[in-house]
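Each chain is listed here by its residues.
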Amino acid sequence: KKVKLKVPATVANLVCGFDILGMAIHEPYDEMELKILESPEIIIKHKDHFDLPEEPSKNVAGVVLLKIQERLNLKKGFEVIIHKNIKPGSGLGSSAASAAGAVMGANILLGNIFTKEELVHFAMFGEELASGVKHADNIAPCIFGGITLVKSSNPVDIVPLNSPDLFVTAVHPQVEVKTSDARQILKKNILLKDAIEQWGNIAGLVAGIQKNDFALIGRSLNDVIVEPIRSILIPKFDEIKEKSLNIGALGGGISGSGPSIFMLSEKEETAKNIAQLMKSIYDEMEIESFVYVSKIN
Ligand code: HSE
């Protein structure tokens, strides 16, 4: 038995919803093939040039499959072939895609025995390996599709939201920002006045998403807690954000823990203009960058 999957990139946080909001996008995506093996071994093979570890205990797809084996006391194994297009370390949910793809593929091969929440539970072990923290804001949209709210990650409680008809522009500049470092620099305590502003933004964003109220989405895409600290790690962040808003973006910010930046737009033309703007700003700095114009998946 064999399954083939397309596993989408994801944008976590959606600016104000640190660790709780995320969305799946059409491009880029990974392709994964899984096969069940009669012996209990787990074999990981990468068909790309990213040089990711293939030893199961050190590979995000491998660790989640080890957890499934352990839970089921399974005497069978899996072979996983990963064609990775979502660049590791981009902030576009590369580790989440490998983990989510592995659990979704294994679940199909095992006869759909797990709920989506259980799949999120298993896949979070991959995020723990990748970043040191079991966050579900990339995993959940990867498994459920569209935009999701992680109401709680322990126990797993995922609320799938509406998917507004919006375009997503994302740019990945080739600078290194490790999720673990980007979490380390965050403040452990926040001011109540900042929390209140952030609650307003998150509630406004969720209401805007549910009501297809694009103006409300736009004015809720603000982050007074995480972005001011993390944006320092991303060259030209403020300029890209300001200029994107000037040419018609609804709003946007850091994708996950960065370094990618994303912007939402109502029109495809605006999304493409933003892609050009992003690319030209990084070209001018001689920083290599990859841009994607996509839709919410
Ligand atoms: N919510 C996580 C973070 C996403 O911002 O650290 C990491 O991809």
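Residues numbered from 1 in each chain as written. Predicted model: local features only at pLDDT ≥ 70, side-chain atom pairs only at ≥ 80, totals over all residues.

Per an unreviewed UniProt entry, the recorded name for the chain is Homoserine kinase, and the organism is Chryseobacterium formosense.

Engineer: For this particular structure, what's the right way to read the overall build of the chain?
Structural biologist: Within the chain, the regular secondary structure consists of 10 helices and 10 strands. Here the C-alpha radius of gyration of the chain, 19 Å, is about what a compact globule of 297 residues would show, namely 19 Å. Seen through its C-alpha atoms, the chain measures out along the principal axes to roughly 60 × 40 × 35 Å. When each of the 297 residues of the chain is scored for burial, the buried share is 47%. Long-range contacts, defined here as pairs at least 24 residues apart, represent 70% of the contacts in the chain between residues at least 6 apart. (Helix = DSSP H or I, 4+ residues; strand = E, 2+ residues; numbered from the N terminus. Rg over C-alpha atoms; globule rule 2.2 N^0.38 Å. Buried ≥ 20, exposed ≤ 12 C-beta atoms within 10 Å, placed from the backbone. Contact = placed C-beta atoms within 7 Å.)

Engineer: Which parts of the structure should I look at to understand the UniProt feature "domain: GHMP kinase N-terminal" (unreviewed entry) in the chain?
Structural biologist: UniProt's feature table lists "domain: GHMP kinase N-terminal" (unreviewed entry) at residues 64-146, given in the numbering used throughout. Between the end C-alpha atoms of residues 64-146 there is a gap of 23 Å, over a span that is 57% helix and 8% strand. (UniProt positions renumbered as here; feature names shortened; annotations may be inferred.)

Engineer: Can you help me understand the site of the ligand in this one?
Structural biologist: As a matter of local geometry, the ligand sits amid Ala-12, Asn-13, Phe-18, Asp-19, His-135, Asp-137, Asn-138, Thr-179, Ala-182, Arg-183, Gly-256 and Ser-257. Looking at the shell around the ligand element by element, the count peaks at three residues for helix 5 (residues 179-184). Split into classes, the residues belonging to the shell around the ligand amount to three nonpolar, six polar and three charged. (Near = placed C-beta within 6 Å. Nonpolar A, V, L, I, M, F, W, Y, C, P; charged D, E, K, R; others polar.)

Engineer: Is there a simple way to explain the nonpolar core in this structure?
Structural biologist: Within soluble globular proteins, side chains that are nonpolar generally end up buried alongside one another. Membership of the largest hydrophobic core comes to 80 residues, with the highest contact counts inside it found for Val-64, Ala-99, Ala-100, Val-103, Ala-123, Ile-139 and Ile-143. Sorting elements by how many residues they give to this core places helix 2 (residues 94-109) first, with eight residues. (Core = buried A, V, L, I, M, F, W, Y, C linked by C-beta atoms within 7 Å.)

Engineer: Any chance you could explain unusual backbone geometry here in plain terms?
Structural biologist: Trans is the prevailing form of peptide bonds, just as negative phi is the prevailing case for residues other than glycine. That bond from Glu-27 to Pro-28 is cis: its omega, -5°, falls within 30 degrees of zero. Within the secondary structure, Pro-28 sits in strand 2 (residues 21-37). Cis geometry marks the peptide bond from Asn-154 to Pro-155, where omega comes out at 0°. Tracing the backbone through its elements, the reader meets Pro-155 in the loop between strand 5 (147-153) and strand 6 (156-160). The backbone of Asn-212 shows a phi angle near 55°, a positive value even though the residue is not glycine. With respect to the secondary-structure elements, Asn-212 resides in the loop between helix 6 (192-211) and helix 7 (214-220). According to the C-beta neighbour criterion, Asn-212 is partly exposed, with 13 such atoms within 10 Å. Within the chain, Lys-236 stands out as a residue other than glycine whose phi angle is a positive 65°. Residue classification places Lys-236 among the partly exposed positions, given that 19 C-beta atoms sit within 10 Å.

Engineer: What am I meant to see in helix 2 here?
Structural biologist: Residue pairs three or four apart in sequence face the same way in an α-helix, which turns once every 3.6 residues. Helix length check: helix 2, at 16 residues, gives a terminal C-alpha distance of 23 Å against a target of 22 Å (1.5 Å per residue), a fit within 8%. Where burial is concerned, most of helix 2 is hidden: 14 out of the 16 residues are buried. Following helix 2 by one or two positions, Gly-111 adopts a phi angle in the positive range, close to 90°. (Expected span 1.5 Å × (residues − 1).)

Engineer: Is there a simple way to think about the confidence of the model for the chain in this case?
Structural biologist: Parts of the prediction with low pLDDT should not have their coordinates interpreted in detail. In this model, the chain carries a mean pLDDT of 97, and residues with pLDDT of at least 70 account for 100%. Both scores are given for the predicted complex: the pTM is 0.96, the ipTM 0.98. (pLDDT = per-residue confidence, 0-100.)

Engineer: So what exactly am I meant to see when it comes to the packing of helix 1 (residues 60-72) against helix 3 (residues 116-131) here?
Structural biologist: To characterise two packed helices, one gives the angle between the axes of the helices and the distance between these axes. At a minimum axis distance of 8 Å, the contact between helix 1 and helix 3 shows a crossing angle of 140°. Classified by the interaxial angle, the pair formed by helix 1 and helix 3 is oblique. Pair helix 1 / helix 3 crosses with right-handed handedness. Contacts between helix 1 and helix 3 pair Val-60, Ala-61, Val-63, Val-64, Lys-67 and Ile-68 from the former with Phe-122, Ala-123, Phe-125, Gly-126, Leu-129 and Ala-130 from the latter. When the residues that make up the contact of helix 1 with helix 3 are grouped by side-chain class, the tally is 10 nonpolar, one polar and one charged. (Axes fitted to C-alpha atoms, helices over the stretch in contact; angles between N-to-C directions. Parallel < 35°, antiparallel > 145°, perpendicular 65-115°, else oblique. Left-handed = near helix turned anticlockwise from the far one by under 90°.)

Engineer: Got a minute to help me understand the environment of Leu-233 in this structure?
Structural biologist: If you trace the backbone, Leu-233 turns up in the loop between helix 8 (227-230) and helix 9 (237-246). Leu-233 sits in the partly exposed class, given 18 other C-beta atoms within 10 Å. For the pair Leu-233 and Ala-203, spaced 30 residues apart in sequence, the C-alpha to C-alpha distance is 27 Å. The contact partners of Leu-233, leaving out residues within four places of it in the chain, are Val-177, Ala-182, Gly-258 and Pro-259.

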